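# Topology and contacts: notes
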Amino acid sequence: MRIGKDLVAASTTPLVLGILAEGESYGYAILKQVGELSGGRLEWTDGLLYPLLHRLERLGHVESVWRHPDGGRRRKYYRITRQGRAELAEQHRQWSTVVEALRGIWDDAQVAVLPRPVPAD
Amino acid sequence: MDAARETVEAQIGEWLAFMHRRRELSDADAAELEDHLRARMDDLVSFGLEPDEAFLVAVKRLGSLDALTREFAREHSDRLWRQLVLDGGGQGEPAGSTRALLVVVAWAVAAAVLVKVPALFGLGLDDHPAFYARNAGVFGLVPLVAYFAWRRAVSRPTALGLALTCAVGVAAANAYPLHDDAPVTVLTALHLPLALWLTVGVAYVGGDWRSASRRMDFIRFTGEWVVYYALIALGGGVLTVLTAGAFKAIGVRPDVFVGSWLLPCGAAGAVVVAAWLVEAKQSVVENIAPVLTKVFTPLFVATLAAFLGGVLWTRTGIDVDRDALILFDLVLAVVVGLVLYALSAREPAAGPDRFDLLQLALVVAALLVDVLVLVALAHRIGEFGFSANKTAALGENLLLLTNLGVSAYLLTAFVRHRAPVVRLERWQTGYLAVYAAWTWTVVLVFPPVFGFS
């Protein structure tokens with residue numbers, strides 16, 4: 001199953017903020033975590049994560065710092081800000097509403113899973 | 001294994017170099033992406049891939065560089081503009097650009113100081129305006145020649161040639177016993193800057209003036225330089241007016257400071273700064289001169305057509321006094337400029353399109369106007385004989401007539417798919433030599449021929 005482009009785009013911000021809410025992280029690790037959380041079904045183009053992170057940084061939702069471990073590579077870590085947490089909470093509310101509405105439709109009408117002929121009247 | 005690792009390192013190096021060439025990506029972005037690439041590769045290798053395979057997969061997963069840079073550019077559009085001023089321009093000075101900026105400021109200050117040197121010897125701007133008018137080209141452009149000669153690290157013979165040419169220019173402006181109000185003085189004041197500008201061209205192309213494509217580069221540079229200089233002049237004008245007004249409000253009259261320091265020094269310094277700006281932005285933003293050309297070509301066609309219609313309607317010839325002659329020379333020069341700048345921005349391989357037809361119309365209309373001017377001029381010369389002004393005007397008209405005539409022929413051939421556009425390009429770039437010969441003739445030969453009266 002491939003998830004549509006628009007849906008992927010819409011879900012990137014809450015996913016990234018949610019992952020960062022658990023603790024600071026860096027680009028590659030975030031990407032790996034997204035893969036694990038979705039069972040590998042949510043596919044991003046790796047590189048495009050970075051412009052997104054930079055946008056979140058510009059908006060003040062995350063902040064970044066370069067760390068230079070002994071003997072290791074220089075690596076840029078991102079950390080969620082207080083404002084980012086507020087944004088995450090807001091996104092959470094919005095997504096919950098959408099998910100609930102969808103579940104409502106799918107549960108009680110049992111439609112949409114299988115196509116069926118349109119009634120004549 | 002080590003050899004394989006080395007190959008992969010070389011590949012990563014190439015990939016990084018490719019990233020660094022993208023102006024949308026800052027060094028920090030490239031480092032971040034490199035870290036990502038290596039982390040992905042480490043994982044893939046631990047799953048059993050060979051390093052070079054891992055590299056290929058990791059690069060592929062990063063996505064196409066074009067898509068990537070587009071996203072980065074969208075997020076960081078400001079960068080393109082910041083680089084405009086702070087980045088040395090890609091070639092020559094590397095991006096460690098505070099130094100490049102300081103060097104240019106030093107050159108601009110030197111050019112500004114040069115303007116004030118004659119005042120030390122009692123030649124003030126207020127008392128000797130004619131001296132400064134004659135030498136405007138010298139003050140403005142000799143520093144620019146020196147700047148490019150230094151920037152391009154020209155060979156010794158070229159440097160010597162440039163120095164000699166500049167010396168001849170200085171001599172032409174000052175050695176002849178010219179009366180301040182004589183017509184030849186005005187002609188020198190008008191032509192010496194043009195002659196020296198072509199000398200700037202020789203320095204700009206690093207002495208390689210025989211190369212047609214380098215000459216085209218200089219033509220592009222000229223157009224962009226004019227645009228930048230005009231912009232700087234506008235900004236400087238606003239600044240000057242505001243400053244003067246503010247000082248007047250507190251009872252200090254800054255007229256002398258503005259008139260004899262700010263304006264001349266600023267004008268001279270801005271020559272170098274504008275040239276540097278053109279260089280600095282060369283590869284970042286689309287050139288502006290060709291855009292202006294596209295906008296104004298139709299308007300000029302309409303204007304010239306209306307003028308020709310007016311001549312037919314009123315059945316009067318053109319009244320050629322000096323101002324009118326200069327005006328028509330300017331019109332023709334602008335037309336040649338429009339042809340040049342449309343040419344400078346063309347895809348060499350593209351075929352003729354509607355814009356080329358418009359250009360052909362422009363050139364033909366300019367030719368007709370030029371013929372009218374020449375008829376009027378010949379009439380006047382027949383009546384009153386040759387004078388310095390009329391001879392200069394006649395020469396310029398013939399020069400531009402020849403240029404436009406051949407251009408019309410070549411454009412027609414191009415529009416009819418008979419000749420490639422390169423021939424028009426060669427013609428125009430080659431013609432620069434004719435301009436040089438003519439302007440130096442006016443500067444050097446006219447004063448003795450038409451007397452020093």
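Residues numbered from 1 in each chain as written. Chains lettered and ligands numbered in written order. Predicted model: local features only at pLDDT ≥ 70, side-chain atom pairs only at ≥ 80, totals over all residues.

## Brief notes about the overall build of chain B
Helix and strand counts for chain B come out as 18 helices and 0 strands. Every one of the 453 residues in chain B was classed for burial, and the buried ones make up 33%. At a minimum sequence separation of 6, the contacts of chain B that also span at least 24 residues come to 78%. (Helix = DSSP H or I, 4+ residues; strand = E, 2+ residues; numbered from the N terminus. Buried ≥ 20, exposed ≤ 12 C-beta atoms within 10 Å, placed from the backbone. Contact = placed C-beta atoms within 7 Å.)

## Considering the overall build of chain A
Looking only at helices and strands, one finds 4 helices and 3 strands in chain A. Walking chain A from its N terminus toward its C terminus, one meets helices and strands in the order α-β-α-α-β-β-α. Of all 121 residues assigned to chain A, the portion counted as buried reaches 18%. Contacts in chain A between residues at least 24 apart in sequence constitute 49% of all its contacts with a sequence separation of at least 6.

## Things to note about the sheet that holds strand β1 (residues 25-26) of chain A
All names here are of chain A. The 3 strands are arranged β1-β3-β2 in an open sheet whose pairing can be described as antiparallel. Only two strands of the sheet have a single partner each, and these edge strands are β1 and β2 (62-67). Of the strand pairs in this sheet, β1 and strand β3 (residues 75-80) are connected by 2 bridges, and their pairing is antiparallel. Following the sheet pairing, Ser25 is matched in β3 by Tyr78. Strands β2 and β3 of the sheet are contacted by helix α3 (residues 49-59), whose axis makes an angle of about 115° with β2. (Pairing = 2+ DSSP bridges. Axes fitted to C-alpha atoms, helices over the stretch in contact; angles between N-to-C directions.)

## Considering the interface of chain B and chain A
With 16 residues of chain B in contact, the opposing surface of chain A contributes 14 residues. Broken down by secondary-structure element, the contributors of at least two residues to the side of chain B that touches chain A are α2 (27-46), α3 (51-62) and α4 (65-75) of chain B. It is α2(B) that provides the largest number of residues to the side of chain B that touches chain A, a total of 9 residues. Counted by class, the side of chain B that touches chain A contains 6 nonpolar, 2 polar and 8 charged residues. (Nonpolar A, V, L, I, M, F, W, Y, C, P; charged D, E, K, R; others polar.)

## Looking at unusual backbone geometry
Of note, Ala153(B) is a non-glycine position whose phi angle comes to about 50°, a positive value. As for its placement among the helices and strands, Ala153(B) is situated in the loop between α8 (136-151) and α9 (156-174).

## Digging into the pairing of β3(A)
Relative to β3(A), β2(A) runs antiparallel, the two being bridged by 6 bridges. Each bridged residue has a counterpart across the sheet, and for Val62(A) the counterpart in β3(A) is Ile80(A).

## Overview of helix α11 (residues 212-249) of chain B
All names here are of chain B. Given a rise of 1.5 Å per residue, 38 residues ought to cover 56 Å, and the 55 Å separating the end C-alpha atoms of α11 matches this to within 8%. Inspection of α11 places Arg215, Phe218, Ile219, Arg220, Phe221, Thr222, Gly223, Glu224 and Trp225 among the buried residues, and these make up the whole buried set. Looking at the residues trailing α11, positive phi occurs at Gly251, about 85°. (Expected span 1.5 Å × (residues − 1).)

## Examining the nonpolar core
Residue and element names in this part refer to chain B. Residues Val145 and Val272 are the most contacted members of the largest nonpolar core, which totals 89 residues. Of the residues forming this core, the biggest block, 12 residues, is contributed by helix α10 (residues 183-204). Of the domains in this structure, domain 2 (93-285) and domain 3 (286-419) are the two that each give at least three residues to this core. Residues contacting Val145, with those up to four places away along its chain left out, are Leu162, Cys166, Thr199, Val200 and Ala203. (Core = buried A, V, L, I, M, F, W, Y, C linked by C-beta atoms within 7 Å. Domains from an automatic or database assignment.)

## Regarding the environment of Val449(B)
Structurally, the position occupied by Val449(B) is in helix α18 (residues 446-449). The spatial distance from the C-alpha of Val449(B) to the C-alpha of Ala388(B) is 8.7 Å, given a sequence separation of 61 residues.

## Observations regarding the confidence of the model for chain B
Per-residue pLDDT for chain B has a mean of 83; in total, 91% of the residues score no lower than 70. Across chain B, element-level confidence peaks in α9(B) with a mean pLDDT of 91 and bottoms out in helix α5 (residues 77-86) of chain B with 46. (pLDDT = per-residue confidence, 0-100.)

## Description of the packing of helix α1 (residues 2-21) of chain B against α2(B)
All names here are of chain B. Their axes nearest at 10 Å, the elements α1 and α2 cross at an angle of 150°. Considered as vectors, α1 and α2 are oriented roughly antiparallel to each other. At the point where α1 passes α2, the crossing takes the right-handed sense. Here α1 contributes Leu16, Met19 and His20 to the contact with α2, which in turn contributes Ala30, Leu33 and Glu34. For the contact of α1 with α2, the class distribution of residues is 4 nonpolar, 1 polar and 1 charged. (Parallel < 35°, antiparallel > 145°, perpendicular 65-115°, else oblique. Left-handed = near helix turned anticlockwise from the far one by under 90°.)

## Focus on the environment of Val226(B)
Residue and element names in this part refer to chain B. Counting through the fold element by element, Val226 comes out in helix α11. With 16 C-beta atoms packed within 10 Å, Val226 lands in the partly exposed category. Through-space distance from the C-alpha of Val226 to that of Ala275 is 9.1 Å; in sequence the pair is 49 residues apart.

## Re helix α17 (residues 421-444) of chain B
With 24 residues, α17(B) extends 36 Å between its outermost C-alpha atoms, agreeing within 8% with the 34 Å of an ideal straight helix rising 1.5 Å per residue. When α17(B) is considered as a whole, its buried residues turn out to be Val421(B), Leu424(B), Glu425(B), Gln428(B), Thr429(B), Thr439(B), Trp440(B), Val442(B) and Val443(B).

## Considering the environment of Ala54(B)
You can see Ala54(B) is positioned in helix α3. As for Ala54(B) and Asp43(B), which are separated by 11 residues in sequence, their C-alpha atoms are 8.6 Å apart.

## What to know about the packing of helix α16 (residues 388-415) of chain B against α17(B)
All names here are of chain B. At their nearest, the axes of α16 and α17 sit 10 Å apart, and the two run at 175° to each other. In terms of orientation, α16 and α17 fall into the roughly antiparallel class. Of the residues in α17, those touching α16 at Ala392, Gly395, Leu399, Asn403, Val406, Ser407, Leu410, Leu411 and Phe414 are Val421, Arg423, Leu424, Trp427, Tyr431, Val434, Trp438 and Val442. Residue composition of the contact of α16 with α17, by class: 13 nonpolar, 3 polar and 1 charged.

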